[in-house]
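# Reading the structure
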Amino acid sequence: MVTMASEAVDEIIAVAVWLRASDIHFDPVADHLAIRFRIHGKLIDADAVSHVARIIPRQVVGRLKVLARLSLTERRRPQDGQVRLETPHGAVDVRVATMPTVRGERVVARLLPADTEWRTVASLGLEPAQLHELRKTAAMGGMILIAGRVGVGKSTTLHAILAERSQAGDSVLTIEDPVERKIDAYSQVEVDERVGLTFAEGLRNALRQDPDVLMVGEIRDEATAQIAVRAGLIGHLMLSTIHADNAEQVVLRLLELGIDASLLASALRLVIWQTLTPILCEHCHGHGCGDCIGLGLVGRRAIFSLLRADQIVEVVDAKHGNKLRNRSLRTAQSQWHGDRRLSVYSGSGAAEREGDITVAEQAEMDRDGYGVSLGGSE
Ligand SMILES: [Zn+2]
């Protein structure tokens, strides 16, 4: 039975890689497993697109757990792990996540072909004007946030920007959950909640590592948001993703998380919202044919919508029903972002302090004539 399960796993994964599936779902049904592939965003029964055996034994779950070095005996709690596998169609990194259901353990395997090159900023699919805006902002520093649904390629966008800044000579530090792919050019930190290394804690400490560019996988709580805004304000290029339904909502979400409106308007320099649109099969125009294994589509491409710094200020203003008091702040910030040496640690003794912008930093800003108003808008 072990051999059978092992062969079944090899076959399913090989077929999935061949079909360019992004995920494989293994759902317990009666005494076997129902297998579905997610291809170009659509969930398809394995039977409909392959000759993978109709009846997959439940032992396949055990085999997947062994491969991903998960506990075989633990069946009541979710687990996740990863493994690199060789298939006839190339090596693939497989992230295995289990979930106990009332019908048994369900497993989802996320596939990331190992030979996939990260895209460059130029090949993301941005319009020329958007590409120019992104590059200009990334070179200046401040905070850039990327939003969109799960699986639309937010990490692809993040890593394209990181790679470009790294090639430009910037020191890049990332805090990820988990680190999906190791990249030699940067320092990557993996979140580990068991030892208290959360996004917020990682980011707080990352600020002491003298980075030019910081990336935190996701902003999902106030603590992370506050430190990220602070990092953006003191001139780092601060990249992250956030859950929101459109670009404007990114700004509103940060305000809801308790970020001061004027600090946000200064720190947040660009919001990139992205989604995927299907590329229809040219042979059947979306109806489904042999060439597109009945899917009607042959892939998806990214579409972006950007919210520039001046538009971000407008959204903040609209939310607060008045104009931010200190318009000159924006000019000051531009100069400030241009000089990364002006860090919070430059001799003020503030380095040891944590949390929001400290009084010492405030004083330093005032001395430099930037006059950041911490009191918010009026
Ligand atoms: Zn077709």
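Described in the following lines is the structure provided in the data block. Fair warning: this is a prediction, and the values are worked out from it, not measured in the lab. (Residues numbered from 1 in each chain as written. Predicted model: local features only at pLDDT ≥ 70, side-chain atom pairs only at ≥ 80, totals over all residues. Heavy atoms only, no water.)

### Here we look at the pattern of salt bridges
Counting across every chain of the model gives 15 salt bridges. A salt bridge links R110 to D23, with the shortest nitrogen-to-oxygen separation between them at 2.9 Å. Within this pair, whereas R110 is found in strand β7 (residues 104-113), its partner D23 is found in strand β1 (residues 21-29), the two being separated by 87 residues in sequence. Given the relative accessible area of 37%, R110 is considered partly exposed. Among the charged side chains, a salt-bridge network with shared partners connects D27, R36 and R106. (Salt bridge = Lys/Arg side-chain N within 4 Å of Asp/Glu carboxyl O. Helix = DSSP H or I, 4+ residues; strand = E, 2+ residues; numbered from the N terminus. Buried < 20%, exposed > 50% of the residue type's maximum accessible area, 1.4 Å probe, protein only.)

### Some thoughts on the coordination of the zinc ion
Coordination sphere of the zinc ion, protein contribution only: C281 (SG), C284 (SG), C289 (SG) and C292 (SG), at 2.3 Å. Classification of the site at the zinc ion rests on its 4 donor atoms, whose angles at the metal span 105 to 112°, yielding the label tetrahedral. C284 gets classed as buried once you look at its relative accessible area, which sits at 10%. Here C289 falls in the partly exposed class, since its relative accessible area comes to 22%. (Donors = N, O, S within 2.8 Å, 3.2 Å for Na, K, Ca; no water. Tetrahedral: all angles 85-135°; square planar, octahedral: opposite > 155°, others 65-115°.)

### Regarding the packing of helix α6 (residues 199-206) against helix α7 (residues 222-233)
Interaxial distance between α6 and α7 falls to 8 Å at its minimum, and their mutual angle equals 20°. Looking at the two axes, α6 sits roughly parallel to α7. α7 is crossed by α6, and the crossing has left-handed handedness. For the pair α6 and α7, contact is made by F199, A200, L203 and R204 and by A223, T224, I227 and A228, respectively. Looking at the contact of α6 with α7 residue by residue, the class counts come to 6 nonpolar, 1 polar and 1 charged. (Axes fitted to C-alpha atoms, helices over the stretch in contact; angles between N-to-C directions. Parallel < 35°, antiparallel > 145°, perpendicular 65-115°, else oblique. Left-handed = near helix turned anticlockwise from the far one by under 90°. Contact = heavy atoms within 4.5 Å. Nonpolar A, V, L, I, M, F, W, Y, C, P; charged D, E, K, R; others polar.)

### A word on the environment of E193
By secondary structure assignment, the location of E193 is in the loop between β10 (187-190) and α6. Between the C-alpha atom of E193 and that of D177, which follows or precedes it by 16 residues, the distance is 9.9 Å. Every residue in contact with E193, bar those within four places of it in the chain, is listed here: T198 and R220.

### As for the pairing of strand β9 (residues 172-176)
The buried fraction of β9 is high, at 5 of 5 residues. Here β9 shows a buried face lined by V172, T174 and E176 and a second buried face lined by L173 and I175. Alignment of β9 against β10, held across 4 bridges, turns out to be parallel. Bridging from a neighbouring strand, I175 pairs with V189 of β10. (Pairing = 2+ DSSP bridges.)

### A short note on the nonpolar core
Core analysis: the biggest nonpolar cluster contains 42 residues, and I219, V251, L254, L264 and L268 have the highest contact counts within it. Ranked by residues supplied to this core, first place goes to α7 with 6 residues. When neighbours within four sequence positions are excluded, L268 is seen to be in contact with M143, L145, V251, L254 and I312. Residues I13, I39, I44 and V94 belong to the second largest nonpolar core, which totals 37 residues. (Core = buried A, V, L, I, M, F, W, Y, C linked by side-chain atoms within 4.5 Å.)

### Notes on the side chain of H25
Here H25 shows up in strand β1. Discounting residues that sit within four places of it in the chain, H25 has contacts with A34, I35, R36, R38, L43, R106, V107 and V108.

### Remarks on the pairing of strand β8 (residues 142-147)
Taken across its 6 residues, β8 has 6 buried, putting it largely inside the fold. The pairing of β8 with strand β12 (residues 237-242) spans 6 bridges and is classified as parallel. Opposite G142, over in β12, you have L237 as the bridge partner. By the bridge criterion, 5 bridges tie β8 to strand β13 (residues 268-280) in an arrangement that is parallel. Looking at the pairing, A147 lines up with W273 of β13.

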